[in-house]
Amino acid sequence: SEINWTCWTNNTNLTAVPNNSTKLLNITSHNNWTGIVLVNCTAFDPLGLNHTDYFHVNITINTAPSVAFANITPDPAYTIDNLTCENGTITDPEPDPITLNYDWYNGTWIGLNQNELPYTYTKKGQTWNCSSIPYDGTENGTQVFSPERNISNYIPHAPDLLIPTNGNSTVFVRNVTF
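What counts and how
Residues numbered from 1 in each chain as written. Predicted model: local features only at pLDDT ≥ 70, side-chain atom pairs only at ≥ 80, totals over all residues. Heavy atoms only, no water. Salt bridge = Lys/Arg side-chain N within 4 Å of Asp/Glu carboxyl O. Helix = DSSP H or I, 4+ residues; strand = E, 2+ residues; numbered from the N terminus. Buried < 20%, exposed > 50% of the residue type's maximum accessible area, 1.4 Å probe, protein only. Disulfide = S-S within 2.5 Å.

In this section: the pattern of salt bridges. Applying the stated criterion across every chain yields a total of one salt bridge. A salt bridge links D75 to R149; the shortest N-O distance between them is 3.4 Å. Here D75 is found in the loop between β7 (70-73) and β8 (77-78), whereas its partner R149 is found in strand β15 (residues 149-152), with 74 residues between them in sequence. The exposure class of R149 is buried, given its relative accessible area of 10%.

As structure tokens, then:
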């Protein structure tokens, strides 16, 4: 009771293979051939009846995008700094719109897909690196990793003197208010 089908093209640079389970047609381009091709598909039912349909398909070849490098700023990085994963030049030969996916690592992957790592994730003495993966809507490019960035302790500022006021240099009476 299943309808099966077969397909072929008028181009020797292409192979058209139907999947009778999913009903999807996979067209493979050999030698990176691109262009418009005529595809013929014939469906066969269990009673021996068949129907052939013809349609044109525009074959394009997608090339994965690339990113030149990844780097963490600021440098040096302190415990109060948000870290940013910055990227070098992003290229895509087609050119498709590019999305960058980010990963952050502190010995292991932490599962945060954003280019900024909040300072609350970092501690003095930790070593971090990030990576970015360009995606063009069809396929991922190669993942690039940043050099490691060490987190240093932030030196606190000295407190501002609130009393004495008005240029006085001494205080004889101190009232502490909470």
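The final tally for this structure, using the stated rule, is two disulfides. Sulfur-sulfur distance for the disulfide between C7 and C41 comes to 2.0 Å. Disulfide C7-C41: the torsion about the S-S bond is 110°, which places it as right-handed. Of the two residues, C7 is situated in strand β1 (residues 4-9) and C41 in strand β4 (residues 35-44); the sequence distance between them amounts to 34 residues. In this structure C41 comes out as buried when scored by relative accessible area, which is 10%. Note that C85 is cross-linked by a disulfide to C130, the S-S spacing being 2.1 Å. Torsion about the S-S bond of the C85 and C130 cystine: about 75°, corresponding to right-handed handedness. Of this pair, C85 sits in strand β9 (residues 83-87) while C130 sits in strand β13 (residues 127-135), and the two are 45 residues apart along the sequence. C130 sits in the buried class, given a relative accessible area of 0%. Taken in sequence order, the bonded cysteines of the protein link in the pattern 1-2, 3-4.

In short, geometric facts, not functional conclusions.
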